[in-house]
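# Residue-level structure breakdown
Chain by chain, the residues run as shown.
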Amino acid sequence: MSKEHEKTLILIKPDGVQRGLVGDILSRFEHKGLKVIALRMLQVTKDMAENHYGEHKEKPFFGGLIEFITAAPIVAIVVEGNNAISVIRKMVGATNPQDAAPGTIRHDFGMHMGRNLIHASDSTTSAEKEIGLFFETNQIIDWKKDVDYWVYE
Ligand code: IDP
Ligand code: MG
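Read on for a plain summary of the structure.

## Some words on the pattern of salt bridges
Where charged atoms from two side chains of opposite charge come close, those side chains can pair. This structure, assessed with the given rule, holds 5 salt bridges. When the shortest N-O distance is used, the salt bridge between Arg 28 and Asp 108 registers 3.0 Å. Here Asp 108 lies in helix 6 (residues 105–109) and Arg 28 lies in helix 2 (residues 22–32), a separation of 80 residues in the sequence. Residue class for Arg 28 comes out partly exposed when judged on its relative accessible area of 25%. By relative accessible area, which is 34% here, Asp 108 ends up partly exposed.

## Some words on helix 7 (residues 124–134)
Of all the residues in helix 7, the buried ones are Ser 126, Ala 127, Glu 130, Ile 131 and Phe 134. For helix 7, the angular spread of the buried residues around the axis is 130°, confining them to a single face. Away from the buried face of helix 7 by more than 90 degrees, exposed residues Thr 125, Glu 128 and Gly 132 are located. In the core, the buried residues of helix 7 are packed alongside strand 1 (5–12), strand 2 (35–42), helix 3 (46–52), strand 3 (74–82), helix 5 (84–92) and strand 4 (118–120).

## Details of the site of ligand 1
Lys 13, Tyr 53, His 56, Phe 61, Leu 65, Arg 89, Thr 95, Arg 106, Met 113 and Asn 116 make up every residue found near ligand 1. Between ligand 1 and the protein, one listed contact pairs an oxygen atom with a side-chain N or O atom of His 56 at 2.8 Å. At a separation of 2.8 Å, an oxygen atom of ligand 1 approaches a polar side-chain atom of Asn 116. Compared with its free state, where it exposes 530 Å², ligand 1 has 77% of that area covered by protein. Residue classes in the shell around ligand 1 are distributed as 4 nonpolar, 3 polar and 3 charged.

## A word on the packing of helix 2 against helix 5
For the pair helix 2 and helix 5, interaxial distance at closest approach is 12 Å and the crossing angle is 135°. The angle between the axes of helix 2 and helix 5 places the two elements in the oblique class. Every pair of crossing elements has a handedness; the one defined by helix 2 and helix 5 is right-handed. Along its contact with helix 2, which presents Arg 28, Phe 29 and Lys 32, the element helix 5 presents Val 87, Ile 88 and Met 91. Classifying every residue of the contact of helix 2 with helix 5 gives 4 nonpolar, no polar and 2 charged.

## Comments concerning a nonpolar patch on the surface
A cluster of nonpolar side chains, Val 147, Tyr 149, Trp 150 and Val 151, forms an exposed patch at the surface whose accessible area comes to about 490 Å². With respect to the helices and strands, the residue Val 147 is situated in the loop between helix 7 and helix 8 (148–151). Given a relative accessible area of 42%, Val 147 falls into the partly exposed group.

## Some thoughts on the environment of Glu 136
Position of Glu 136 relative to the elements: it lies in the loop between helix 7 and helix 8. Each C-alpha atom of the pair Glu 136 and Ala 38 lies 9.9 Å from the other, and the pair is 98 residues apart in sequence.

Rules and cut-offs
Residues numbered from 1 in each chain as written. Chains lettered and ligands numbered in written order. Predicted model: local features only at pLDDT ≥ 70, side-chain atom pairs only at ≥ 80, totals over all residues. Heavy atoms only, no water. Salt bridge = Lys/Arg side-chain N within 4 Å of Asp/Glu carboxyl O. Helix = DSSP H or I, 4+ residues; strand = E, 2+ residues; numbered from the N terminus. Buried < 20%, exposed > 50% of the residue type's maximum accessible area, 1.4 Å probe, protein only. Arc of directions from axis to C-beta. Contact = heavy atoms within 4.5 Å. Near = heavy atom within 4 Å. Polar contact = N/O pair within 3.5 Å; in protein donor to acceptor, adjacent residues only side chain to side chain. Areas by Shrake-Rupley, 256 points an atom, 1.4 Å probe, with all protein chains shown as cover. Nonpolar A, V, L, I, M, F, W, Y, C, P; charged D, E, K, R; others polar. Axes fitted to C-alpha atoms, helices over the stretch in contact; angles between N-to-C directions. Parallel < 35°, antiparallel > 145°, perpendicular 65-115°, else oblique. Left-handed = near helix turned anticlockwise from the far one by under 90°. Patch = residues over 30% accessible without salt bridge, like charges linked within 9 Å, V, L, I, M, F, W, Y side chains within 5 Å.

Structure, rendered in structure tokens:
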């Protein structure tokens, strides 16, 4: 596998789980040709949420965001692929589902900024930090996906 392959963290937020969209969202990444290398369901604690969203601490929406992300279970997923971080951010779409392009997850499933279904890391630095927050090293599975021969030249 080439060294340009990146790992990134995806969270299907409580609204995605509550609305029964885990399968639909996950299948988009599978169908794209990305490789799932870790997956778990959990309820985020306040400490984890404040760490994960630390960059937004001073924003007016911070309190509501922490309340929302801790309110019910989420699904955390680590995905690997060539340029996975930018590829997935494009698939996720703009933060506000009302501005997100058709065909993106936030456009296709969402109606409101505070209920935008999914998180995806925005850089290699944040991916590394965020993966570490949700997974132990031994929970990330280094496996050979045979179909990669038919996904990458
Ligand atoms: P991103 O998820 O597209 O990277 P960020 O600006 O990093 O967007 O914001 C993190 C999360 O905070 C968003 O996904 C959304 O859930 C929430 N958020 C951002 N801006 C607002 C807002 O103006 N109102 C309510 N929630 C917001
Ligand atoms: Mg962000």
